[in-house]
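Coordinates in review
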Amino acid sequence: DDPFLVLYSGNGIPSTAENCLAINDDIPDAMDVHDSEITGVTVAPGETVTAVATTYTFDPSDGTGTGYYILVVTME
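Residues numbered from 1 in each chain as written. Predicted model: local features only at pLDDT ≥ 70, side-chain atom pairs only at ≥ 80, totals over all residues. Heavy atoms only, no water.

Below, the discussion takes up the overall build of the chain. From N to C terminus, the chain includes 0 helices and 5 strands. Going through the 76 residues of the chain one by one, you find that 16% of them count as buried. If you take every contact in the chain between residues at least 6 apart in sequence, the share linking residues at least 24 apart comes to 49%. Summed over its atoms, the accessible surface of the chain is roughly 5900 Å², and 54% of this surface lies on carbon and sulfur atoms. (Helix = DSSP H or I, 4+ residues; strand = E, 2+ residues; numbered from the N terminus. Buried < 20%, exposed > 50% of the residue type's maximum accessible area, 1.4 Å probe, protein only. Contact = heavy atoms within 4.5 Å. Areas by Shrake-Rupley, 256 points an atom, 1.4 Å probe, with all protein chains shown as cover.)

Glancing now at the sheet that holds strand β2 (residues 22–24). Within the open sheet, the 3 strands sit side by side as β2-β1-β3. Their pairing is antiparallel. One side of each edge strand has no neighbouring strand; the edge strands of this open sheet are β2 and β3 (49–55). Direction aside, neighbouring strands of the sheet carry axes that sit 10° apart on average. Sheet topology note: the strand β1 (residues 3–9)/β3 ladder contains 7 bridges and is antiparallel. When the sheet's bridge partners are listed, V6 is paired in β3 with V52. (Pairing = 2+ DSSP bridges. Axes fitted to C-alpha atoms, helices over the stretch in contact; angles between N-to-C directions.)

This brings us to the environment of P3. Within the element layout of this structure, P3 appears in strand β1. A relative accessible area of 19% places P3 in the buried class. Note: C-alpha distance between P3 and A53 (50 residues apart in sequence) is 6.9 Å.

It is worth spelling out the pairing of β1 at this point. Counted residue by residue, β1 has 5 buried out of 7 residues, so it is predominantly covered. Of the pairings in the sheet, the one linking β1 to β2 comprises 3 bridges and is antiparallel in character. Residue L7 lies in a different strand from β2, and its bridge partner there is A22.

Here L21 shows up in the loop between β1 and β2. Considered as a pair, L21 and G10 are 11 residues apart in the sequence and their alpha carbons are 9.6 Å apart. Excluding residues that lie within four positions of it along the chain, L21 makes contacts with L7, Y8, S9, V41 and V49.

Let's shift gears to the side chain of N24. Topologically, N24 is positioned in strand β2. Filtering out sequence-adjacent residues up to four positions away, N24 remains in contact with F4, L5, S36, E37 and I38.

Printed below as a string of structure tokens:
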């Protein structure tokens, strides 16, 4: 499976999901190119950002996602 990471400004997902703050499916030149990473996003004090971590591959027999992922958020 291939983890997929999306950030949205505000609380929740907008009605047009393509209006995201940042999106990433793969990290170029990583040891495992199936990892996702988003860096360089500035969040002002009091601002809300919604992070959605999901998997890109699913089981076509029942339509459910498979595999696992770990979501880590760091602040500097």
